[in-house]
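Structure assessment
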Amino acid sequence: MEFLSFRQTEDIAFVTLENPIEYNTLTMKLLQELDELLRKIGNEREVKVVVIEGSEKVFCAGHSLREIEAKTENEVLQLFQTCQLLMRTMREIPQLIISKVRKAAVAAGCQLVAASDMAIASDDSKFATPGINSGLFCSTPAVFLSRNIGRKKAVELLFTGNFMSAEEALQHGLVNKVVPSELLDEAVEKLAKDVTKQSLNIIELGKRQFYQQLNMEDFQALNYATEVIALNSKHPDAQEGINAFFEKRPPVWKDTKKQYVNE
């Protein structure tokens, strides 16, 4: 991989954006590499959490305006469709994705944080969707941003291009936690390990159910959830977890290799 690095610690995968000369911009090549890597992680099922991180200087500065300016309209469309495919892959793989944010997450970098399942930021980080300042409204970042934070704050960010501090991001629901920069590694690892003690099969089931029900009407969602939990109750890992509860012992999950893609 040219623009990513990968390391694995037990059940946690760490994916680092490696495009420092351009502030980890989401070029076509980086997007393709990240999508391919996440699909591979999803299919291999060797980890339960994926942490996406940037460098010490920046998390991600979004798409490359230089690349966008140099492309034709159809090529720009392909670039953003590739980013769309990445967002779908993030949603569909069984693992939970945590964004680990240092410094700035801008435009599509902010979108990457918003599209992640969880996020932890250092207290010196900041977030913005400043495309409008360059005449290129952050239309695609607006989708996930507006599904994380309230409408008024989303509009403020999108139409002023101003930065939002880490504390504001926490207050408005873009990140789960803000910690001093020197404690970021520890905080992310702790959150990840709180997830990795669970069954990957049930993480996958729960992740799919959670996002499916979000935009349903209340009782449509409840009806769907009722069917899911009934099926879940007879899953081998649910039966193991229930037995472990009664027997007062840690569960031994029966995680199995299974393609995450719909078959």
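Residues numbered from 1 in each chain as written. Predicted model: local features only at pLDDT ≥ 70, side-chain atom pairs only at ≥ 80, totals over all residues. Heavy atoms only, no water.

Some points on unusual backbone geometry
It is generally the case that most residues other than glycine have a negative phi and that most peptide bonds are trans. One non-glycine residue, Tyr 23, adopts positive backbone phi at about 55°. Along the chain, the position of Tyr 23 falls in the loop between β2 (12-17) and α1 (28-44). Notably, Lys 248 is not glycine yet its phi reads approximately 55°, a positive angle. Secondary-structure assignment places Lys 248 in the segment after α11 (236-247). By relative accessible area, which is 75% here, Lys 248 ends up exposed. (Helix = DSSP H or I, 4+ residues; strand = E, 2+ residues; numbered from the N terminus. Buried < 20%, exposed > 50% of the residue type's maximum accessible area, 1.4 Å probe, protein only.)

Digging into the packing of helix α9 (residues 200-213) against helix α10 (residues 218-232)
It is at 10 Å that the axes of α9 and α10 come closest, and there the two elements cross at 170°. Accordingly, the angle class assigned to the pair α9 and α10 is roughly antiparallel. Touching Ile 202, Leu 205, Arg 208, Gln 209, Gln 212 and Gln 213 of α9 are Ala 221, Tyr 224, Ala 225, Val 228 and Asn 232, all from α10. In terms of residue class, the contact of α9 with α10 is made up of six nonpolar, four polar and one charged. (Axes fitted to C-alpha atoms, helices over the stretch in contact; angles between N-to-C directions. Parallel < 35°, antiparallel > 145°, perpendicular 65-115°, else oblique. Contact = heavy atoms within 4.5 Å. Nonpolar A, V, L, I, M, F, W, Y, C, P; charged D, E, K, R; others polar.)

Description of the pairing of strand β4 (residues 96-101)
For β4, the tally of buried residues reaches six of six residues, placing the bulk of the element in the interior. Side chains of β4 alternate between two faces, with Leu 96, Ile 98 and Lys 100 and Ile 97, Ser 99 and Val 101 buried alike. Of the pairings in the sheet, the one linking strand β3 (residues 49-53) to β4 comprises five bridges and is parallel in character. Bridging from a neighbouring strand, Val 50 pairs with Ile 97 of β4. Pairing of β4 with strand β6 (residues 118-122) involves four bridges; the strand directions are parallel. When the bridges of β6 are listed, Ser 99 appears paired with Ala 119. (Pairing = 2+ DSSP bridges.)

Considering the side chain of Ser 199
You can see Ser 199 is positioned in the loop between α8 (184-196) and α9. Side chain to side chain, Ser 199 and Asp 237 meet in a polar contact 2.5 Å long. Ignoring anything within four residues of it in the chain, the contact list for Ser 199 reads Lys 48, Asp 237, Trp 253 and Asp 255. (Polar contact = N/O pair within 3.5 Å; in protein donor to acceptor, adjacent residues only side chain to side chain.)

Thoughts on the nonpolar core
Counting residues in hydrophobic clusters, the biggest one holds 56 residues, and the most contacted among them are Leu 38, Met 90, Val 113, Phe 127, Leu 174 and Val 175. What Leu 174 contacts, discounting residues up to four positions off in sequence, is Cys 110, Val 113, Ala 114, Ala 119, Phe 127, Leu 145, Asn 148, Ile 149, Met 164 and Ala 169. Core analysis: the next-biggest nonpolar cluster, separate from the first, contains 16 residues, Phe 14, Val 188, Val 195 and Ile 203 among them. (Core = buried A, V, L, I, M, F, W, Y, C linked by side-chain atoms within 4.5 Å.)

Points about the confidence of the model for the protein chain
Scored by pLDDT, the protein chain comes out at a mean of 94, with 97% of its residues at no less than 70. Taken as a whole, residues 259-263 scores under 50 in pLDDT and shows nine contacts with residues more than four places along the chain or in a different chain. (pLDDT = per-residue confidence, 0-100.)

Quick notes on a nonpolar patch on the surface
A surface patch of nonpolar side chains, about 330 Å² in accessible area, is lined by Ile 132, Phe 137, Val 155 and Phe 159. Looking at the element boundaries, Phe 137 is found in the loop between β7 (126-128) and α5 (139-145). With a relative accessible area of 31%, Phe 137 lands in the partly exposed category. (Patch = residues over 30% accessible without salt bridge, like charges linked within 9 Å, V, L, I, M, F, W, Y side chains within 5 Å. Areas by Shrake-Rupley, 256 points an atom, 1.4 Å probe, with all protein chains shown as cover. Salt bridge = Lys/Arg side-chain N within 4 Å of Asp/Glu carboxyl O.)

With respect to the sheet that holds β4
Ordered in space as β1-β2-β3-β4-β6-β9, the six strands form an open sheet in which the pairing is mixed. Two strands close off the open sheet at either side, each with one partner strand: β1 (4-9) and β9 (177-179). Each neighbouring strand pair of the sheet contributes to a mean axis angle of 20°, computed without reference to strand direction. Here β1 pairs with β2 via six bridges, running antiparallel. Each bridged residue has a counterpart across the sheet, and for Arg 7 the counterpart in β2 is Phe 14.

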